[in-house]
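Notes for the structure review
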Amino acid sequence: MTCCYDRRDVGLLLLRLGTGGVLAAHGAQKLLGWFGGGGIEGTGQAMEAMGYVPGKRSATMAGLAEAGGGLLLAMGLATPAAGAAAAGAMAGAAAVHAPHGFFAQGGGYEYAASLGLTATGLAVTGPGRLSVDAALGHAVNRNWMVPVAFAVTAAATAVVVGGRNRRMRRAAEGEQEPLFD
């Protein structure tokens, strides 16, 4: 039996490598301080300031979702779980940037949304034949795993982002804009 790869397989490989590589690099910034990142300490402090508490745990979870999800996406391994984890992390990032509008130029959520939607698309579509999942006979890439992975991720993301939003609202309620300049 001969194996033929078509342009869809190559396209999925390129999407996986590009998106997974970017996500893994962002996770390495958070976890290890690589590529100019703050590591757990610095990222933890930043996460606290953004309303994600406790900061160190939030930095660790976000870093693992990005680095782990990114590496797994790049390899095409456990693609539903990898894509869902990365999408959940990007939903958390988008929540921070949403008040600044859509475009990243103004601090908006454009970049996080693009990465999250690409990771989601890869999880739903599958990794293609040029992947570890394909080499393993899709043992950890079954159709039923897609809705399960996204249901678990959506629930966890709703709890985390909802808690952050409540904390941010409470903090803002204590602040009042000056009546006169």
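Residues numbered from 1 in each chain as written. Predicted model: local features only at pLDDT ≥ 70, side-chain atom pairs only at ≥ 80, totals over all residues. Heavy atoms only, no water.

Together, Leu-32, Trp-34 and Phe-35 line one region of the surface with nonpolar side chains, adding up to about 380 Å² of accessible area. Structurally, Leu-32 is set in helix H1 (residues 7-32). (Patch = residues over 30% accessible without salt bridge, like charges linked within 9 Å, V, L, I, M, F, W, Y side chains within 5 Å. Areas by Shrake-Rupley, 256 points an atom, 1.4 Å probe, with all protein chains shown as cover. Salt bridge = Lys/Arg side-chain N within 4 Å of Asp/Glu carboxyl O. Helix = DSSP H or I, 4+ residues; strand = E, 2+ residues; numbered from the N terminus.)

In this section: the environment of Ala-139. Inspection of the secondary structure assignment puts Ala-139 in the loop between helix H6 (132-135) and helix H7 (145-173). By relative accessible area, Ala-139 is classed as partly exposed at 43%. For the pair Ala-139 and Val-96, spaced 43 residues apart in the sequence, the C-alpha separation amounts to 36 Å. (Buried < 20%, exposed > 50% of the residue type's maximum accessible area, 1.4 Å probe, protein only.)

A word on the nonpolar core. The biggest cluster of nonpolar side chains holds 13 residues, and the ones touching the most others in it are Leu-23, Leu-73, Ala-86 and Met-90. Among the secondary structure elements, those contributing two or more residues to this core are H1, helix H3 (55-75), helix H4 (79-97) and helix H5 (110-125). The element that contributes the greatest number of residues to this core is H4, accounting for five residues. When sequence neighbours within four positions are dropped, the list of residues in contact with Leu-23 reads Glu-66, Ala-67, Gly-70, Leu-73, Ala-86, Met-90 and Leu-115. (Core = buried A, V, L, I, M, F, W, Y, C linked by side-chain atoms within 4.5 Å. Contact = heavy atoms within 4.5 Å.)

Here a ring pair, both rings aromatic, is described through the centre-centre distance and the interplanar angle of the planes. On inspection of all chains with the given rule, the structure shows three aromatic pairs. Ring centres of Phe-102 and Phe-103 lie 5.1 Å apart, and the angle between their planes is 80 degrees; this geometry places the pair in the edge-to-face category. The exposure class of Phe-102 is partly exposed, given its relative accessible area of 39%. Judged by its relative accessible area of 54%, Phe-103 falls in the exposed class. With a centroid separation of 5.3 Å and 85 degrees between ring planes, the pair formed by Phe-102 and Tyr-109 is classed as edge-to-face. Through pairs of rings, three or more aromatic residues link up here, namely Phe-102, Phe-103 and Tyr-109. (Phe/Tyr/Trp six-rings, centres within 6.5 Å; stacked < 30°, edge-to-face > 60°.)

Shape descriptors only; they carry no functional weight alone.
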